[in-house]
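# Analysis of the macromolecular model
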Amino acid sequence: MTTPYDDTNIFAKIIRGEIPCHKVFEDADVLAFMDIMPRSPGHLLVIPKAPARNLLDIAPEQLAVLIRQTQRIAKAAVSALGADGLTLQQFSEAAGGQEVFHIHFHVLPRWNDVRMTPHPAPMGDKTVQAEQAAKIRAALG
Ligand code: AMP
């Protein structure tokens, strides 16, 4: 059995508007925003608004909505930033590398022959991340 969801996690606070983020997309079900420590240019996170800890406890219906929006946002990010490809990551539980216990997909635009910055990456430049978020928002239409 997995640990119960704890709504004091940092992404729950972002959903509630208690801490800021560089928002890329929001609707009733999903929120996407720039990762504060990007491991590639344009690294963003897509999360459901409903509580779920990770892939091990999310309801299949909720996961279906999340992955559909993740694909849409990932395609917009690749197009907006002129990337050559994409890495999609999801970590479940500490043993799987998870640090924030509200399920999220990492969307990492990638360029040929450019390695991802190793974890933990330095804090992103806020101005650059705001510009990237604006480009991706524009590509989403
Ligand atoms: P993980 O739980 O290992 O899949 O990764 C959590 C991710 O959340 C890391 O890539 C962090 O850089 C990112 N992160 C942590 N706090 C924030 C925040 N306040 N805003 C945006 N991203 C964050």
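Residues numbered from 1 in each chain as written. Predicted model: local features only at pLDDT ≥ 70, side-chain atom pairs only at ≥ 80, totals over all residues. Heavy atoms only, no water.

Along its 22 residues, helix α2 (residues 60-81) runs 31 Å from first to last C-alpha, staying within 8% of the 32 Å computed at 1.5 Å per residue. If you check which residues of α2 are buried, you get Q62, L66, Q69, T70, I73, A74, A76, A77 and L81. On an axial view of α2, the arc spanned by its buried residues comes to 165°, and they lie on one face. In α2, the exposed positions angled more than 90 degrees off the buried face are occupied by P60, E61, R68, Q71, K75 and S79. (Helix = DSSP H or I, 4+ residues; strand = E, 2+ residues; numbered from the N terminus. Expected span 1.5 Å × (residues − 1). Buried < 20%, exposed > 50% of the residue type's maximum accessible area, 1.4 Å probe, protein only. Arc of directions from axis to C-beta.)

Before going further, it helps to spend a moment on the site of the ligand. What surrounds the ligand is a group of 17 residues, the closest being D35, G97, E99, H104 and H106. Between the ligand and the protein, one listed contact pairs a nitrogen atom with a backbone N or O atom of I36 at 3.1 Å. Surface burial for the ligand is 92%, taken as the share of its 510 Å² of free accessible area covered by protein chains. If you tally residues by element for the shell around the ligand, the top one is helix α1 (residues 10-15), at three residues. The residue makeup of the shell around the ligand, split by class, is 10 nonpolar, four polar and three charged. (Near = heavy atom within 4 Å. Polar contact = N/O pair within 3.5 Å; in protein donor to acceptor, adjacent residues only side chain to side chain. Areas by Shrake-Rupley, 256 points an atom, 1.4 Å probe, with all protein chains shown as cover. Nonpolar A, V, L, I, M, F, W, Y, C, P; charged D, E, K, R; others polar.)

The next thing to look at is the packing of aromatic side chains. By the definition in use, this model includes one aromatic pair. Where F11 meets F33, the ring centres are 5.4 Å apart and the plane angle is 75°; that geometry is what we call edge-to-face. In this pair, F11 is assigned in helix α1 and F33 in strand β2 (residues 30-34), connecting sequence segments 22 residues apart. Using a relative accessible area of 3% as the deciding quantity, one classes F33 as buried. Sitting above the plane of the F25 ring, R72 keeps its charged end 4.7 Å from the centroid. (Phe/Tyr/Trp six-rings, centres within 6.5 Å; stacked < 30°, edge-to-face > 60°. Lys NZ or Arg CZ within 6 Å of the ring centre and 35° of its normal.)

A separate point is the pattern of salt bridges. Counted by the stated rule, this structure contains four salt bridges. As a salt-bridge pair, E18 and R16 come within 2.7 Å of each other at their nearest N and O atoms. With relative accessibility at 47%, the residue E18 sits in the partly exposed group. Here K49 makes a salt bridge to E26, at a shortest N to O gap of 2.7 Å. (Salt bridge = Lys/Arg side-chain N within 4 Å of Asp/Glu carboxyl O.)

By the element assignment, A28 lies in the loop between β1 (23-26) and β2. Among the residues examined, A28 registers a relative accessible area of 67% and is labelled exposed. As a C-alpha pair, A28 and A50 span 22 residues in sequence and 9.5 Å in three-dimensional space.

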